[in-house]
Amino acid sequence: MAGVALVVASHGEFAKYALQSAEMIAGKQDNCGVLSVDMDFDLQDAIDQMKEQLSQLDRSAGTIILVDILGGTPSNVSGRLVFEEENILVLSGLNLPMLLDLLTNRERSLDELASSLEQSYQQGFKNITELFKQGDDDDECEVL
């Protein structure tokens, strides 16, 4: 079993390509779906597409939906599911560090993943310019 089920949801094809990028690093993933909301979607189209994605997944270990931004159609559609479904976690702020954390820790519980993903989100933001400027002036610059 692939652990928790995952749906990555966004405006446009950001979710699709974020998952593909993460798979380049973490390897091909099972038990994943993508919702790409385009300009022609209305709310009902998005709901129907999300339910279709969920119906194709093994959700016995729980489900995580990662959405791009709070307040957009993907988050509104996903937020509704919190009231309709059991064992589901919806998080906004989709980024590659979060996605990689999730893909490499899918056997963890939803509560553990919620905490870990929040940390991944926060740790993923760095002012790289400042990190480089803090280094010394020689040709070798190490950030990590």
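Residues numbered from 1 in each chain as written. Predicted model: local features only at pLDDT ≥ 70, side-chain atom pairs only at ≥ 80, totals over all residues. Heavy atoms only, no water.

> Outline the overall build of the protein chain, supporting the account with residue identities and numerical values.
Looking only at helices and strands, the protein chain features six helices and four strands. Overall, the protein chain shows an N-to-C arrangement of helices and strands of β-α-β-α-β-α-β-α-α-α. Taking the principal axes of the C-alpha coordinates as reference, the protein chain spans close to 55 × 35 × 25 Å. The proportion of buried residues among the 144 residues of the protein chain is 38%. Nonlocal contacts in the protein chain, meaning residues at least 24 apart in sequence, comprise 73% of its contacts between residues at least 6 apart. Total accessible area on the protein chain is roughly 8,700 Å²; 48% of this is exposed by carbon and sulfur atoms. (Helix = DSSP H or I, 4+ residues; strand = E, 2+ residues; numbered from the N terminus. Buried < 20%, exposed > 50% of the residue type's maximum accessible area, 1.4 Å probe, protein only. Contact = heavy atoms within 4.5 Å. Areas by Shrake-Rupley, 256 points an atom, 1.4 Å probe, with all protein chains shown as cover.)

> So what's going on with the packing of helix α4 (residues 96–103) against helix α5 (residues 110–123)? Residues and values would help.
Close contact between α4 and α5 brings their axes to 8 Å; oriented N to C, the two are set at 150°. As α4 packs across α5, the resulting crossing turns out to be right-handed. Taken together, the residues of α5 that come into contact with α4 (itself represented by Pro97, Met98, Asp101 and Leu102) are Leu113, Ser116, Leu117, Ser120 and Tyr121. Across the contact of α4 with α5, the residue classes break down as six nonpolar, two polar and one charged. (Axes fitted to C-alpha atoms, helices over the stretch in contact; angles between N-to-C directions. Left-handed = near helix turned anticlockwise from the far one by under 90°. Nonpolar A, V, L, I, M, F, W, Y, C, P; charged D, E, K, R; others polar.)

> Would you mind going over helix α1 (residues 14–26) in detail, with residue names and values included?
With 13 residues, α1 should reach 18 Å at 1.5 Å per residue; the first-to-last C-alpha distance of 18 Å fits that figure. If you check which residues of α1 are buried, you get Ala15, Ala18, Leu19, Ala22 and Glu23. Across the axial projection of α1, the buried residues extend over an arc of 135°, all falling on one side. Looking at the buried positions of α1, the neighbouring elements they touch are β1 (5–11), β2 (32–37) and α4. (Expected span 1.5 Å × (residues − 1). Arc of directions from axis to C-beta.)

> How would you explain the environment of glutamine 119 if you had to name every residue and give the values?
With respect to the secondary-structure elements, glutamine 119 resides in helix α5. Taking the C-alpha atoms as reference points, glutamine 119 and asparagine 105, separated by 14 residues in sequence, lie 14 Å from one another.

> Explain the nonpolar core residue by residue, including any values.
Grouped together as the largest cluster of nonpolar side chains are 19 residues, with contacts concentrated most on Leu6, Ile64, Leu66, Leu99, Leu102 and Leu117. Put simply, the parts of the chain that give this core at least two residues each are β1, α1, β3 (63–67), β4 (88–92), α4 and α5. Once residues within four sequence positions are removed from consideration, isoleucine 64 is found in contact with Val4, Ala5, Leu6, Val7, Leu89, Leu102, Leu110, Leu113 and Leu117. In terms of nonpolar packing, the next biggest core, distinct from the first, is built from 15 residues, Ala9, Ile47, Leu54 and Val67 among them. (Core = buried A, V, L, I, M, F, W, Y, C linked by side-chain atoms within 4.5 Å.)

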